[in-house]
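Residue strings, one per chain:
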Amino acid sequence: MIDLIYLAVFLPLLGFLINGIFGTKIKNEKVIGLIGSGAIGISFLIVVGAFFETLSLPADQRTNFVNLFTWMKVGTLDVSFAYQVDQLSLIMALVVTGVGFIIHVYSIGYMHGDKAFWRFFAYLNLFIFAMMNLIMADNFVLMFLGWEGVGLCSYLLIGFWYDKDFEKSTTSAAGLKAFVVNRIGDVGFLLAMFLIYLFFDSLKFSEVFSRAVSFDVPEHIFMLITLLLFVGATGKSAQIPLFVWLPDAMAGPTPVSALIHAATMVTAGVYMVARTSVLYAMAPTTMMIVAVIGVFTAFFAATIGLVQNDIKKVLAYSTISQLGYMFLAMGAGAFSAGIFHLMTHAFFKALLFLGAGSVIHAMHEQQNIQHYGGLKKYLPITYGTFLVAAMAISGIPPFSGFFSKDEILWFSYTNLGFVFWLIGVITAIMTAFYMFRLYFLTFDGKPRFDEKQTHPHESPKLMTVPLIVLAVLSAIGGFIGIPEIFSGAHGNVFHSWLSPIFKSANLKLSYFGAHSHFEEYLLMAISVAGALGGISAAAYIYLKRPSIAANTVERFKSIYTTLWNKYYIDEVYDATVINPIVNSSRSFLWKIFDNKIIDGLVNGLAKSISIVSSLIRKMQTGIVQSYALVMMIGILLAFFWIILSL
Amino acid sequence: MLNNIQEFYNILPLIIIGGLILVSLIIEMYSESSEKILPWLSIIGFLFVGIYSLVEVGRTSIVLQNMLATGGVVNIFWLIFNITAAIVCLLSINYIKKYGAYYGEYYIIIQTSVLGMMLMAGAKDLIVIFLGLEVMSISFYVLAGFNRNRSSANEASLKYFLLGAFATGFLVYGIALIYGKATTTSIDAISLNFSALSGNVLFLTGVLLFLIGFSFKIAAFPFHMWVPDVYQGSPTTVAGLFSTAGKAAGFSALIVTFAALFGGPHGHLFTPYLSAIAVFSMLFGSIVAIMQTDIKRMLAYSSIAHAGYMLIGLASGNIDGVAGIIFYLAAYSFMNLAAFGIVSILEGKEETNLDLDSYAGLGTRSPFIAGLFALIMFALAGIPPFAGFFGKYYVFIAAIKSDLTWLAMVGILSSMISVYFYLRLVVIMYFKSSETEDKVSYTASEIIAVVIAVVFVIILGLAPGSFIDLVTKFL
Amino acid sequence: MLTEFGKVFAFILTAVMFVLIAVFAAKLIRPARPTKEKLTTYECGENPEGSPWVKFNIRFYVVALIFLIFDVEVVMLIPWALVYQDSGMLGFLVGAIFLILLGLGMAYEWRKGDLEWARPKITPLVLTKTEPPEEKQEKELNLGE
């Protein structure tokens with residue numbers, strides 16, 4: 001099955017082509033949905049097959065390459081469509097195709113009746129194709145191709161309902177924002193790629209990483225490369241300072257938010273850091289920067305999440321916050337812990353989004369949680385699965401989020417220090433709080449909508465079954481990564497599976513310092529207690545005494561409005577970056593530089609070339625004799641040359 | 001003669017095409033509906049030979065008493081010729097009916113010309129090159145004037161014939177001079193003794209004349225004068241064949257004669273001549289194409305410019321350059337064939353719908369065809385990721401490796417100029433409203449032919465490395 | 001600097017230039033008073049009649065081409081006949097294939113009716129897009145009958 005992995009990559013492309021070209025002709029939603037999700041389903045089965053085949057191999061032979069064809073080859077630059085099937089890419093592929101398949105199935109129900117049903121599935125399949133290229137690539141160029149591809153799909157899907165309004169502008173504007181912000185990050189990625197080729201003379205992962213260890217390259221080069229790569233990662237994974245696009249990306253259909261803006265694409269940055277962990281390990285400074293940005297983003301996004309009222313906005317900020325955790329893990333050198341959190345996060349965050357989609361579906365596109373309430377009895381399945389996901393994200397044992405988040409916190413304590421751990425725990429408490437605020441306001445309490453006019457109803461089976469599957473995964477998904485202190489002799493299974501990938505990075509980063517089991521238990525207990533505290537606080541405030549919330553808002557009005565307006569980040573960016581650029585473009589670049597200089601140059605050049613052209617074409621008289629004469633002159637000139645030059 | 005059965009298998013492509021001609025001739029003699037049978041017979045034959053050549057690509061040998069080489073690069077050329085010819089036949093089925101020359105002989109003459117090309121590509125002897133060249137050229141003269149009742153076709157044919165004969169005269173004179181000094185016409189023997197021979201001015205003049213003869217065939221400046229008139233006058237599909245397979249055949253002959261010298265001390269002997277005609281071809285083709293209003297003339301000038309780009313690869317005189325040319329030829333063949341195919345689809349009866357303005361509004365009238373055409377224009381302009389970009393990229397890289405950076409710079413400059421007229425067509429198709437609302441009618445065979453060519457353009461653009469690997473393996 | 005041949009070439013060049021310069025110089029200096037008489041073609045004192053572009057019947061070319069084929073056949077067959085005894089079966093086959101090819105070409109021409117002299121069905125070739133030629137011209141074309 002490993003050799004067939006290219007099928008897993010290209011089947012989604014096939015689905016895209018079929019639905020994209022013949023979609024308008026097929027018309028039947030069932031057929032389109034079947035083609036779309038079938039392509040992903042088969043991909044998933046192939047990836048599962050490859051996974052088990054890899055599992056059966058001895059640990060040191062688990063990295064395999066599938067070379068499809070040479071793409072470009074010039075000198076030492078040799079770029080192939082080649083896929084690297086190893087522990088890391090398989091985990092990612094399982095998540096992408098698995099969660100992707102579930103969301104595809106869900107979308108058949110969710111998008112039912114949409115006028116561009118075929119287009120939706122075509123884009124989704126194209127996204128999976130690009131994402132698979134990103135994660136399976138064995139070189140930077142192919143990875144970049146996938147990187148750009150997912151960005152494109154994200155843009156197309158955010159603006160999927162291009163004729164709808166979103167907040168103050170349109171969904172297309174939101175898509176454009178995502179695209180432009182991502183471009184900034186992409187520049188970083190590209191520059192890093194150039195530097196890598198300059199110093200290591202290759203763009204193939206395996207060669208670059210072995211040369212990174214053996215070549216004598218100064219540390220500041222590594223720092224530059226990794227920082228530039230990290231700029232790319234902050235764009236794609238919505239970290240400070242490039243996180244502003246993700247909340248707006250919620251303009252897209254909810255399955256898109258679940259698949260692209262929660263489970264898979266936004267984790268591409270984390271994956272990229274993990275993939276290039278060797279380079280990061282050579283640059284400790286960058287590691288520290290990554291950790292700081294990660295933990296700060298986690299905290300920062302969580303505070304905004306506390307006050308938002310749009311159900312999808314809350315989830316969006318929670319996604320940013322959780323991605324911050326993953327970068328914290330990367331910065332702490334706990335790469336496998338970060339990937340573990342990536343995986344569990346994919347489960348429970350996709351579930352949260354799909355549940356939110358189900359709620360929105362039931363409430364006729366109402367997204368404000370202040371207008372929900374008491375939905376428990378109307379949407380029993382959504383309610384149950386949402387509760388599981390909320391528990392998982394809050395870190396309540398034994399749900400999956402507990403294991404992954406706790407591991408990150410533990411490593412940030414041992415490898416980075418107490419402060420990182422403390423901010424992490426505070427963020428975790430806030431996470432539990434806003435998540436259960438959302439939960440209580442939506443499902444508990446009394447309905448705050450007109451029950452006579454709105455009749456919420458449970459979603460069809462096509463939507464609820466995916467919810468249940470994801471709920472099961474969110475609940476038990478953490479057991480594959482049970483920390484050593486619980487599992488004892490077996491150790492952390494997930495960690496040992498991934499360890500060969502991060503071996504050389506971990507060798508570089510040797511952290512010393514003994515920490516007792518007692519410490520670990522204590523920290524774990526504190527974070528669980530904090531999470532429980534956050535939940536009970538939410539329950540107390542939003543179920544028992546709703547007045548507290550109002551009073552707090554009154555008392556801390558300024559803080560509240562700052563949070564409500566997301567720290568005015570968008571406004572700050574507008575004032576400091578966007579408006580100056582737009583204004584100067586308008587007044588100078590456009591009116592003077594473009595209109596006068598560039599256009600003048602281009603038009604003048606074009607005109608003079610046209611004049612030259614009309615002069616020379618007179619040579620073409622149409623008379624054979626004159627043609628022969630021109631040939632003869634040419635031959636005579638050639639004769640002169642050969643006789644005079646010898 | 002045939003020493004063993006293996007030799008027979010190696011030249012089987014030639015034998016099949018030869019047999020195909022005879023069989024087609026007999027069918028033409030006795031069948032009333034030969035014009036319906038022959039295209040399909042030709043397509044099957046061409047496809048079989050093309051695929052056979054590809055399968056047998058690894059079997060390099062020299063057969064028929066050092067007259068012919070098979071396998072390797074030769075087979076790659078055979079593949080290009082045959083696939084191109086098959087696409088031309090597929091395009092012609094409907095076109096020649098519209099063009100008013102609905103005869104079965106058309107396909108027989110295409111087969112003959114392909115036989116000539118295959119001889120040229122496989123030649124190991126100057127005489128075989130000449131033989132192949134003449135078989136190809138005479139077929140081309142006939143094809144150019146295939147509609148005897150059309151004055152433009154007659155003019156094209158006569159012009160092509162007269163100038164072609166003129167150029168061939170120089171070619172033969174060149175071969176005679178080479179033979180006079182080297183006392184052999186075997187290419188291997190000449191290349192082997194090249195150092196000793198190259199002191200002789202008559203020998204060098206002979207080689208130069210040989211080059212000039214082929215400069216005519218590949219339509220390089222200043223031997224390009226026939227190109228616009230002939231392309232405009234001949235049937236559009238035939239013009240497609242001239243500009244693709246015909247040009248590829250000319251380059252194949254240059255490559256088989258000169259490739260052995262590359263890398264040696266005399267690899268750069270003719271670089272001044274080659275780079276001069278390359279520069280002039282590129283600039284002349286691109287600049288004059290801007291002012292053309294007839295699409296076929298525009299494509300003709302563009303083909304002159306492309307000959308210039310390919311000559312860069314030859315001028316750089318290294319293996320990379322040769323591999324670059326072969327890739328370029330393959331890419332260019334499919335691009336140009338698709339372009340001429342679309343032109344032939346859109347062409348009306350009596351040479352109407354050939355000026356650029358008749359393409360106005362095509363984007364709304366026939367979005368599919370307009371899309372394909374726009375893609376082809378992007379590819380011809382050398383915009384990545386299509387095959388045209390990588391073709392230019394490889395020859396420019398080869399030039400830079402041979403310290404001919406200025407040549408690559410001129411190439412880039414000329415590409416920039418050429419973007420103007422390629423994209424102008426796109427602009428006309430999409431942004432200019434047309435007077436008519438007519439949908440374009442086409443038959444399945446035509447559109448399949450164009451789509452196949454476009455698919456090759458995309459594939460070569462996506463996986464240029466694989467093709468280059470295949471070629472460099474045999475150089 | 002110049003090779004031996006270069007010197008010869010320089011001589012050739014000088015000769016050509018000499019003639020050209022003389023002709024052009026003459027053209028510049030001489031008086032030009034053309035009359036109708038002076039401009040007519042010189043035909044030994046006779047007045048020229050009609051255009052020098054006489055049309056031949058196209059079928060003469062067919063005959064000429066067929067002659068060419070058999071001419072080449074003879075040229076190829078004589079050397080073949082001289083070594084025929086030594087080359088055995090293979091030589092026979094080569095000759096036979098050659099003859100078959102020529103025979104096929106001949107058969108093709110025959111079958112297509114190109115060997116028949118008079119073909120009244122044929123409509124005259126129209127080389128211009130203007131009006132078809134008049135009746136008289138058609139008769140002229142068929143003079144060869």
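Residues numbered from 1 in each chain as written. Chains lettered and ligands numbered in written order. Predicted model: local features only at pLDDT ≥ 70, side-chain atom pairs only at ≥ 80, totals over all residues.

Focus on the overall build of chain B
For chain B, the count of helices and strands is 21 helices and two strands. Here chain B has a C-alpha radius of gyration of 21 Å; the compact-globule value for 475 residues is 23 Å, and the two agree. For chain B, the spread of C-alpha atoms along the principal axes amounts to about 70 × 55 × 40 Å. Within chain B, counting contacts between residues at least 6 apart in sequence, those at least 24 apart form 79% of the total. (Helix = DSSP H or I, 4+ residues; strand = E, 2+ residues; numbered from the N terminus. Rg over C-alpha atoms; globule rule 2.2 N^0.38 Å. Contact = placed C-beta atoms within 7 Å.)

Things to note about the overall build of chain A
Looking only at helices and strands, chain A features 26 helices and four strands. A globule of 646 residues ought to have a C-alpha radius of gyration of about 26 Å, and chain A, at 28 Å, matches this closely. Along the first, second and third principal axes, the C-alpha set of chain A runs to 100 × 60 × 50 Å. Nonlocal contacts in chain A, meaning residues at least 24 apart in sequence, comprise 81% of its contacts between residues at least 6 apart.

Comments concerning helix H25 (residues 569–616) of chain A
All names here are of chain A. Across its 48 residues, H25 extends only 60 Å between first and last C-alpha, which sits more than 12% below the 70 Å expected from 1.5 Å per residue. Approximately 45 degrees is the largest bend angle found in H25, and it occurs at Asp-594. For H25, a buried count of one out of 48 residues is recorded, marking the element as mostly open to its surroundings. (Expected span 1.5 Å × (residues − 1). Bend = angle between axes of the 7 residues up to and from the residue. Buried ≥ 20, exposed ≤ 12 C-beta atoms within 10 Å, placed from the backbone.)

Comments concerning the nonpolar core
Counting 409 residues, the largest nonpolar core has Ala350(A), Ala338(B) and Val457(B) as its most contacted members. Beyond its immediate chain neighbours, meaning those up to four positions away, Ala338(B) contacts Leu372(B), Ile376(B), Val450(B), Ala453(B), Val454(B) and Val457(B). (Core = buried A, V, L, I, M, F, W, Y, C linked by C-beta atoms within 7 Å.)

Quick notes on the domain arrangement of chain A
Residues and elements named next belong to chain A. Along its sequence, chain A is organised into domain 1 (1–190 + 206–225 + 234–272), domain 2 (283–564) and domain 3 (570–645). Distance between the C-alpha centres of domain 1 and domain 2: 24 Å. Take the side of domain 1 that touches domain 2: its biggest share by element is twelve residues, from helix H3 (residues 87–110). (Domains from an automatic or database assignment.)

A short note on the pairing of strand E2 (residues 77–85) of chain A
All names here are of chain A. Counted residue by residue, E2 has seven buried out of nine residues, so it is predominantly covered. Both strand E1 (residues 64–74) and E2 contribute to a ladder of nine bridges, which runs antiparallel. Across the sheet, the residue bridging to Met-72 is Val-79, located in E2. (Pairing = 2+ DSSP bridges.)

Remarks on the environment of Phe258(B)
Of note, Phe258(B) is situated in helix H12 (residues 236–258). Taking the C-alpha atoms as reference points, Phe258(B) and Leu211(B), separated by 47 residues in sequence, lie 10.0 Å from one another.

As for the packing of helix H18 (residues 387–401) of chain B against helix H19 (residues 405–431) of chain B
Residues and elements named next belong to chain B. Between H18 and H19, whose axes approach to 7 Å, the crossing angle comes to 155 degrees. By the angle between their axes, H18 is roughly antiparallel relative to H19. As for how H18 packs across H19, the hand of that crossing is left-handed. Across the interface between the two elements, Lys-392, Phe-396, Ala-399 and Ile-400 of H18 pack against Thr-405, Leu-407, Ala-408, Gly-411 and Ser-415 of H19. (Axes fitted to C-alpha atoms, helices over the stretch in contact; angles between N-to-C directions. Parallel < 35°, antiparallel > 145°, perpendicular 65-115°, else oblique. Left-handed = near helix turned anticlockwise from the far one by under 90°.)

Brief notes about the interface of chain B and chain A
Each side of the interface is counted separately: chain B has 33 residues, and chain A has 30 residues. The leading source of residues in the side of chain B that touches chain A is helix H13 (residues 271–290) of chain B, at six residues.

Some words on the environment of Ala360(B)
Residues and elements named next belong to chain B. Turning to its location among the elements, Ala-360 is positioned in the loop between helix H15 (319–346) and helix H16 (362–365). Residue classification places Ala-360 among the partly exposed residues on the basis of 19 C-beta atoms within 10 Å. Linking Ala-360 and Met-29, residues 331 residues apart in sequence, is a C-alpha distance of 44 Å.

Brief notes about helix H1 (residues 5–26) of chain A
Residue and element names in this part refer to chain A. The largest bend along H1 reaches roughly 40 degrees and is located at Gly-20. Listed in full, the buried residues belonging to H1 are Ile-5, Ala-8, Val-9, Leu-11, Pro-12, Gly-15, Phe-16, Ile-18, Asn-19 and Gly-23. Looking at the buried residues of H1, the elements they touch are helix H2 (29–56), E1, E2, H3 and helix H4 (117–136).

As for the environment of Pro460(A)
Examined against the element boundaries, Pro460(A) turns out to sit in the loop between helix H18 (418–443) and helix H19 (461–476). Sequence-wise, Pro460(A) and Arg275(A) are 185 residues apart; in three dimensions their C-alpha atoms are separated by 40 Å.

A look at the packing of helix H17 (residues 400–416) of chain A against H18(A)
When two helices pack together, you describe them by how their axes are tilted relative to each other and by the distance separating the axes. All names here are of chain A. It is the contact of H17 with H18, at a shortest axis distance of 7 Å, that shows an interaxial angle of 155 degrees. With respect to H18, the axis of H17 lies roughly antiparallel. Across from Lys-405, Leu-409, Ser-412, Tyr-413 and Leu-416 in H17, the residues of H18 making contact are Phe-418, Phe-420, Trp-421, Gly-424, Val-425 and Ala-428. Its residues placed into classes, the contact of H17 with H18 shows eight nonpolar, two polar and one charged. (Nonpolar A, V, L, I, M, F, W, Y, C, P; charged D, E, K, R; others polar.)

Things to note about unusual backbone geometry
Between Pro397(A) and the following residue, Pro398(A), the backbone shows a cis peptide bond with an omega angle of 0 degrees. By the element assignment, Pro398(A) lies in the loop between helix H16 (380–394) and H17. The omega torsion across Pro384(B) and Pro385(B) is 10 degrees, close enough to zero to call that bond cis. Relative to the assigned elements, Pro385(B) resides in the loop between helix H17 (367–381) and H18. Here the phi dihedral of Asn66(B) falls at roughly 60 degrees; this positive angle occurs in a residue that is not glycine. Along the chain, Asn66(B) falls in the loop between strand E1 (61–63) and strand E2 (68–70).

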